[in-house]
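# Breakdown of the fold
So you can see what is in the structure, the chains are spelled out below.
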Amino acid sequence: ESLPQDFSSIPMNWSDSELAALEYPPLVENVEKQREELAKAFADAAGGCEFALNEEDFVWAVQAVRSRAFSGPYEGRKASDRSAQLAFIAALLVGGVASGAVTLENALNGAFVAALSVPLTDFFCRRIRKVEEACSLPRCGLFEPR
């Protein structure tokens with residue numbers, strides 16, 4: 001229930017005419033490349049499967065994973081990035097309390113947890129070698145279309 005039934009908002013699933021309407025050739029080229037890679041991945045997976053593998057289900061599964069995670073080398077963050085995050089947290093705290101949207105106690109609790117996550121992310125990503133090599137973190141699906 002928490003995953004979308006389809007990923008129609010992803011450019012890879014747009015029709016060729018919809019892509020052409022953007023008039024942005026680099027995107028069209030990247031979409032074509034992704035489509036080819038996905039078709040090859042399906043062919044490889046289906047060829048090695050002991051059960052029937054449906055291409056539509058395979059594509060949906062790959063898109064579900066890609067829309068919820070990213071991977072790549074963890075490069076750390078600069079002090080200015082951390083400072084910006086902490087300033088944003090402080091602004092949310094002040095704005096939330098000033099507008100009456102949240103109580104001071106709730107705002108302080110939320111700000112404490114958010115501020116604590118800033119150094120902890122760096123600590124754990126530096127300490128765990130696998131995470132340092134390819135930090136794979138879930139994305140929040142809260143604001144994604146369903």
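Located above this text is the structure these notes cover.
First, a word on scope: everything that follows refers to the structure included in this document. Counting starts from 1 at the beginning of each chain's written sequence and moves along it residue by residue. Reporting in this predicted model follows two pLDDT cut-offs: at least 70 for local features of residues, and 80 or more for side-chain atom pairs to be given and counted; totals over whole chains, interfaces and linings ignore these cut-offs and use all residues. Note: side-chain values were computed over all heavy atoms of the structure, leaving out hydrogens and water.

### Some details on the overall build of the protein
What the protein contains, in helices and strands, is six helices and two strands. From first element to last, N terminus to C terminus, the protein shows the α and β order α-α-α-β-α-α-α-β. Contact definition: two residues touch when any of their heavy atoms are within 4.5 Å. A separation threshold of at least 6 residues defines the contact pool for the protein, and within that pool the share at least 24 residues apart is 62%. When the accessible surface of the protein is split by element, carbon and sulfur atoms take 61% of a total near 10,800 Å². In DSSP terms, a helix is any run of H or I states spanning at least four residues, a strand is any run of E spanning at least two, and both are numbered starting from the N terminus. In these tables, accessible area is a Shrake-Rupley quantity obtained with a 1.4 Å probe, and a residue counts as shielded only by the protein chains included in the view.

### Some details on helix α4 (residues 79-99)
Think of an α-helix as turning once every 3.6 residues; residues three or four places apart then point the same way. Given a helix with a known number of residues, its expected span is that number minus one, times 1.5 Å. In this model α4 runs 30 Å from its N-terminal to its C-terminal C-alpha over 21 residues, within 8% of the 30 Å that 1.5 Å per residue would give. The buried label applies to any residue whose accessible area, calculated with a 1.4 Å probe on protein chains only, is under 20% of its type's maximum; exposed applies above 50%, and partly exposed to all values in between. Listed in full, the buried residues belonging to α4 are Arg82, Ile89, Leu93 and Gly96. The buried residues of α4 all sit within an arc of 80 degrees when viewed along its axis, so they share a single face. When the buried face of α4 is taken as reference, the exposed residues oriented beyond 90 degrees from it are Phe88, Val94, Ala98 and Ser99. Once α4 ends, the next one or two residues include Gly100, with phi positive near 80 degrees. Of all possible arcs, the one meant is that of the directions from the helix axis to the C-beta atoms.

### Examining the nonpolar core
Formed by Met12, Leu38, Phe42, Phe58, Val59 and Val62, the largest nonpolar core amounts to six residues. Secondary structure elements with two or more residues in this core: α2 (25-47) and α3 (55-68). For this core, the element with the highest residue contribution is α3, accounting for three residues. Filtering out sequence-adjacent residues up to four positions away, Met12 remains in contact with Val31, Gln34, Arg35, Leu38, Val59 and Gln63. Judged by nonpolar contacts, the second largest core, of five residues, contains Ile89, Leu93, Ala107 and Ala111. For our purposes a nonpolar core is just a set of buried Ala, Val, Leu, Ile, Met, Phe, Trp, Tyr and Cys residues, chained together by side-chain atoms within 4.5 Å.

### Notes on the pattern of salt bridges
Oppositely charged side chains may form a pair once their charged atoms are brought near each other. Here a salt bridge means any side-chain nitrogen of Lys or Arg lying within 4 Å of a carboxyl oxygen belonging to Asp or Glu. A full pass over the atoms with the stated rule returns two salt bridges. Here Asp16 ties to Arg35 by a salt bridge, and the two come within 3.0 Å at their closest N and O atoms. Placement of the pair is Asp16 in helix α1 (residues 16-22) and Arg35 in helix α2, with a sequence separation of 19 residues. Among the residues examined, Arg35 registers a relative accessible area of 26% and is labelled partly exposed.

### A short note on the packing of aromatic side chains
Note on aromatic contacts: the rings of Phe and Tyr and the six-membered ring of Trp form a pair at centre separations within 6.5 Å, being stacked when their planes are under 30 degrees apart, edge-to-face when over 60 apart, and tilted otherwise. On inspection of all chains with the given rule, the structure shows two aromatic pairs. With 6.3 Å between their ring centres and 45 degrees between their planes, Phe7 and Trp60 make a pair best called tilted. Separated by 53 residues along the polypeptide, Phe7 in the segment before α1 and Trp60 in helix α3 bring together distant segments of the chain. By relative accessible area, which is 30% here, Trp60 ends up partly exposed.

### A few points about the environment of Val113
Inspection of the secondary structure puts Val113 in helix α5 (residues 104-127). Residues Val113 and Ile89, 24 residues apart in the sequence, show an inter-C-alpha distance of 10.0 Å.

### Examining unusual backbone geometry
Note: most residues except glycine have negative phi, and most peptide bonds are trans. Of note, Glu23 is a non-glycine position whose phi angle comes to about 55 degrees, a positive value. Secondary-structure assignment places Glu23 in the loop between α1 and α2. When its relative accessible area of 68% is taken as the criterion, Glu23 is described as exposed.

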